[in-house]
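So the chains spell out like this:
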Protein chains: 2
Amino acid sequence: MHDPSTCPGCAQPDLAFAPHDHSRCSDVVMALAEVQLAQAGQRLTPVRRRTLQILLEAHRAMGAYDVLERLAAEGFGHQPPVAYRALEFLEENGLAHRIRRLNAFTACMHPGEIHAPAFLICRLCNVVAEAPGAAIGLSLGQAAKKVGFTVERATLEALGLCPACSISQSPVRGLA
Amino acid sequence: MHDPSTCPGCAQPDLAFAPHDHSRCSDVVMALAEVQLAQAGQRLTPVRRRTLQILLEAHRAMGAYDVLERLAAEGFGHQPPVAYRALEFLEENGLAHRIRRLNAFTACMHPGEIHAPAFLICRLCNVVAEAPGAAIGLSLGQAAKKVGFTVERATLEALGLCPACSISQSPVRGLA
DNA sequence: AGATATATGTTATAGTATAACGCAAAACAG
DNA sequence: CTGTTTTGCGTTATACTATAACATATATCT
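Residues numbered from 1 in each chain as written. Chains lettered and ligands numbered in written order. Predicted model: local features only at pLDDT ≥ 70, side-chain atom pairs only at ≥ 80, totals over all residues.

(A) Layout of the overall build of chain A. Broken down by element type, chain A carries seven helices and five strands. Traced from its N-terminal end to its C-terminal end, chain A shows the element sequence α-α-α-α-α-β-β-β-β-α-β-α. In chain A, buried positions account for 40% of the 176 residues. Pairs at least 24 residues apart make up 52% of the contacts formed inside chain A by residues separated by at least 6 positions. (Helix = DSSP H or I, 4+ residues; strand = E, 2+ residues; numbered from the N terminus. Buried ≥ 20, exposed ≤ 12 C-beta atoms within 10 Å, placed from the backbone. Contact = placed C-beta atoms within 7 Å.)

Next up, the structure:
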C-alpha cells in the first residue's frame, strides 16, 4: 500500500507542491501498479513499465514525444505509436492521466483509488498537482443530472499559480 | 435550416438538451455580443462576426479547420491563422469556449455573464451543452486553496450521454 | 495628414495523434 | 508440447491541430 509517511508529495495533496524525496514515492507507486495490473489480468510489459517509470521520475507532465524520445534512446521503438500505446494503456488502467490543457501525460500518484482527480497546473513552473476531485465530480454529476445527462468521465483542470510561484511571480522549480 | 424539434436548447441550462427555436437564440446572442464588445472597446470585424455566426448556426462544437473551411468559402482567408485568430478573439472576450477534449470551439450561450462553465459532451451525438459551472468552480477553488494554489482559469468537461442518446443508445442527431 | 496601433492575409513549419500492416511473443486449447 | 488464437510491438505513412514570422491593409488618434 501507499505509505503517506514516506511520500509527502504523493500521499497528501497539501504537500503536492512541496519538495520531498521523490525516488521513494516512485518506487511505491511502481509496486502498487504491478499488483494492480496483475489483479486486473493486464500485462506490465517492458515498454509499459519503462513508460510509467519515466513519468514517475519526471514527476511532471510530459508530452508523448518527450516520452518517446526517452524510450527510443533506451532501445524501444522510435515511432509515435509506441509511446501513445503505452500511455493510453496506463491511462486506461488508472496509472496515468492525460492533461488535455498541456497535451501531456502524468503518472497517477494514487493508483488503486477510484478517483476522478482535478489537476492544478501552475502556468509558470508547469508543475501539475493532483487534487482530490471527488467533491468536484459530485457537483458536476449533480449539475448534469438536472439536465438528464449521464457523466461517464470528466476532465477537471485548473490553470493558475502554485504556492511557490505565486510568491515569487517567476517560475520556481520545486521538483527536478 | 433550423428545426426546433431537433435543436437542443441554448437559452436556459435547464433546457440545454430540449427542443427550442434556435435561430432566435442565435440572434439574441449576436445582439448581446455586439453590445458587449462595444463596451469593452473591441471591434467585431467581419471575420469575427462571421465566425461567431458560424458557431451559433452550427450549435455544436466545431474544429478550427471546419470553421476555416466555411470562412474560406465565403471569401475570407484560407489559412489556419485566420480561423484561429478569430476563435481566440471570441474566446478571450467570452463569446466562445474551447472544448479541449474535442479540440473544438463552441459559441457561448450566455455571453455577458461571468462564468466558468462546465461542458457536457455527448459521446454519441457530440452535442455540447453548457452547464452552470459556478458550483463546480467553487469546489475546485476550495480544493485548490487548501494547497495554496490560486485558480485563474478552469477547464471542466464531462463526457457521457445526453438524454436522447442515453435512451436510444445510438447517436441521435439533434442538429443537421 | 501623419504616426501609431490593430487586423488580415500569406508562407512555412512545428507539434500532436492515429490508421494500417507485418512480425513476434505470450496465452490457450487440445 | 504443438497448433491456434490473442495480444503486443515496431514500422510506414498520413492526418489533424496549432503557431511563428512576415507583408499588407485598415482603423484610430493626435
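(B) Just the packing of helix α2 (residues 46-58) of chain B against helix α3 (residues 64-73) of chain B, in detail. Residues and elements named next belong to chain B. Axis separation between α2 and α3 bottoms out at 10 Å; the angle between their running directions is 120°. By the criterion of interaxial angle, the relationship of α2 to α3 is oblique. The hand of the α2/α3 crossing is right-handed. Counting all contacts with α2, which are made through Val 47, Arg 50, Thr 51 and Ile 54, the residues of α3 involved are Val 67, Arg 70 and Leu 71. Class assignment for the residues of the contact of α2 with α3 results in four nonpolar, one polar and two charged. (Axes fitted to C-alpha atoms, helices over the stretch in contact; angles between N-to-C directions. Parallel < 35°, antiparallel > 145°, perpendicular 65-115°, else oblique. Left-handed = near helix turned anticlockwise from the far one by under 90°. Nonpolar A, V, L, I, M, F, W, Y, C, P; charged D, E, K, R; others polar.)

(C) The interface of chain B and chain A, seen in detail. The interface is formed by 36 residues belonging to chain B together with 36 residues belonging to chain A. Contributing elements (two or more residues each) for the side of chain B that touches chain A: β3 (118-122), β4 (128-131), α5 (134-146), β5 (150-161) and α6 (163-168) of chain B. Counting residues per element, the side of chain B that touches chain A draws most heavily on β5(B), which supplies twelve residues. Classifying every residue of the side of chain B that touches chain A gives 23 nonpolar, six polar and seven charged. Note that strand β5 (residues 150-161) of chain A and β5(B) share eleven bridges and pair antiparallel. (Pairing = 2+ DSSP bridges.)

(D) Geometry of the relation of the copies chain B and chain A. By a simple turn and slide, chain B fits onto chain A: the slide is 0.0 Å along the axis, the RMSD is 0.3 Å, and the turn is 180°. In the structure described here, the two chain copies are related by an operation that fits a two-fold rotation axis. Among all C-alpha atoms of chain B, that of B:Leu156 lies closest to the rotation axis, at 2.4 Å. Both copies share a contact surface, since 100% of the interface residues of chain B are interface residues in chain A too. (Least-squares fit on C-alpha atoms with pLDDT ≥ 70 in both.)

(E) Spotlight on the confidence of the model for chain A. Across chain A, the average pLDDT comes to 86, with 88% of residues at or above 70. Here residues 1-9 of chain A is modelled with pLDDT under 50, and outside its nearest four sequence neighbours on either side it reaches 22 contacts, counting other chains as well. (pLDDT = per-residue confidence, 0-100.)

(F) Structural detail: the environment of A:Val127. All names here are of chain A. Examined against the element boundaries, Val 127 turns out to sit in the loop between β3 (118-122) and β4 (128-131). With 23 C-beta atoms packed within 10 Å, Val 127 lands in the buried category. Residues Val 127 and Leu 68 lie 59 residues apart in sequence; the distance between their C-alpha atoms is 20 Å.

(G) Here's a closer look at helix α6 (residues 134-146) of chain A. For α6(A), built from 13 residues, the straight-helix expectation of 18 Å at 1.5 Å per residue is met to within 8% by its first-to-last C-alpha distance of 19 Å. Of the residues trailing α6(A), A:Gly148 is marked for its positive phi of about 80°. (Expected span 1.5 Å × (residues − 1).)

(H) Main features of the protein's contact with DNA strand C. Of all residues adjacent to DNA strand C, which total 21 residues, the nearest are A:Pro80, B:Thr45, B:Gly77, B:Gln79 and B:Pro81. Among the elements that line the surface near DNA strand C, the one with the most residues is helix α4 (residues 80-92) of chain B, at four residues. Class assignment of the residues belonging to the surface near DNA strand C gives a composition of ten nonpolar, seven polar and four charged. (Near = placed C-beta within 6 Å.)

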